[in-house]
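Take a look at the letters that make up each chain.
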Amino acid sequence: MKKHYPLLLAFLVAFSSFFVSCDENDDFEDLYKCKITVTCTEGGKVKISKYLETTEVVFIGSEIEVVATPNEGYAFAGWYLGDSTEPVSTDAVFMFVATKNTTLTAHFTKLSNLTICSAGNGRVSFKDSADDTLAFLPGSEVTVIATPDEDCDFIGWFIGDAETPVSTDAEYTFIVKDNITLTAKFSKRPKTYILCKKCSQKRQKS
């Protein structure tokens, strides 16, 4: 039995060194990995392409693609790193190389709906669209156009039940700040009658 002790001891040493070696390899490998996390503000969803979770451990040097998808009524504003006030990218699909633990936050902005309508005796339109309702990012510059019918005049653009127009320009350019409905009001010119001189004389004789 004693003859087998050296073999048993050698086996135990080799077996234990195997696990030590594996642990050392794991620690060594971890030096070449980093954690990528994506989050978002209200108004959309995000993902890391080719992965199921929004937090993944990847090898340093890996090319990572993150995707931001806005909900209806929202627009993607940009990818932000930590507490930064400037986006690292304004592309909804953003690719970068993993170099360290990184948390990216996708910011979404709620769109403002602008509706235009006519109170009668004229037509309205956006400068670049035939639709009567469009969604814009707050801060966007928009131009609306009012076209009176024949024998009609444009009065102004009104909001709600206001008696004073926000503009009397038929082509009105302004900055969108919130949901708004603009109504173009028109007035019909009074009819004018021209009485011919001969007709007037005949009536006087009769």
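This is a predicted model, so every value here is computed, not measured.

Rules and cut-offs
Residues numbered from 1 in each chain as written. Predicted model: local features only at pLDDT ≥ 70, side-chain atom pairs only at ≥ 80, totals over all residues. Heavy atoms only, no water. Phe/Tyr/Trp six-rings, centres within 6.5 Å; stacked < 30°, edge-to-face > 60°. Buried < 20%, exposed > 50% of the residue type's maximum accessible area, 1.4 Å probe, protein only. Pairing = 2+ DSSP bridges. Helix = DSSP H or I, 4+ residues; strand = E, 2+ residues; numbered from the N terminus. Patch = residues over 30% accessible without salt bridge, like charges linked within 9 Å, V, L, I, M, F, W, Y side chains within 5 Å. Areas by Shrake-Rupley, 256 points an atom, 1.4 Å probe, with all protein chains shown as cover. Salt bridge = Lys/Arg side-chain N within 4 Å of Asp/Glu carboxyl O. Axes fitted to C-alpha atoms, helices over the stretch in contact; angles between N-to-C directions.

Visitor: What am I meant to see in the packing of aromatic side chains here?
Guide: Per the counting criterion, the structure on display carries seven aromatic pairs. Ring geometry for Phe-94 against Phe-96: centres 5.5 Å apart, planes inclined by 25°, an arrangement best described as stacked. A relative accessible area of 16% means that Phe-94 is categorised as buried. Taking relative accessible area as the criterion, Phe-96 reaches 14% and is therefore assigned buried. Here the aromatic rings of Phe-126 and Phe-136 are separated by 6.0 Å at their centres, their planes lie at 50°, and the arrangement is tilted.

Visitor: Teacher, can you tell me more about the pairing of strand S11 (residues 141–148) here?
Guide: The two faces of the sheet receive side chains in turn, since in a regular strand these alternate between them. Bridge count for strand S9 (residues 122–126) against S11 is five bridges, and the pairing is antiparallel. In the strand pairing of S11, Arg-123 is matched with Thr-147. Two strands pair when backbone bridges link them, and S11 and strand S13 (residues 171–175) are joined in this way by five bridges, in the antiparallel orientation. Opposite Glu-141, over in S13, you have Ile-175 as the bridge partner.

Visitor: Whenever I open this one, a nonpolar patch on the surface confuses me. Can you help?
Guide: A cluster of nonpolar side chains, namely Leu-31, Tyr-32 and Phe-59, defines an oily patch on the protein surface of about 340 Å² accessible area. When its relative accessible area of 43% is taken as the criterion, Phe-59 is described as partly exposed.

Visitor: Whenever I open this one, the sheet that holds strand S6 (residues 93–97) confuses me. Can you help?
Guide: Spatial ordering of the open sheet is given by S2-S4-S6, a layout of three strands whose pairing is antiparallel. Every interior strand has two partners, whereas the edge strands, strand S2 (44–48) and S6, have only one. Pairs of neighbouring strands in the sheet enclose a mean axial angle of 20°, with direction left out of account. Note: strand S4 (residues 63–70) against S6, five bridges, orientation antiparallel. What sits directly across from Glu-63, in S6, is Val-97.

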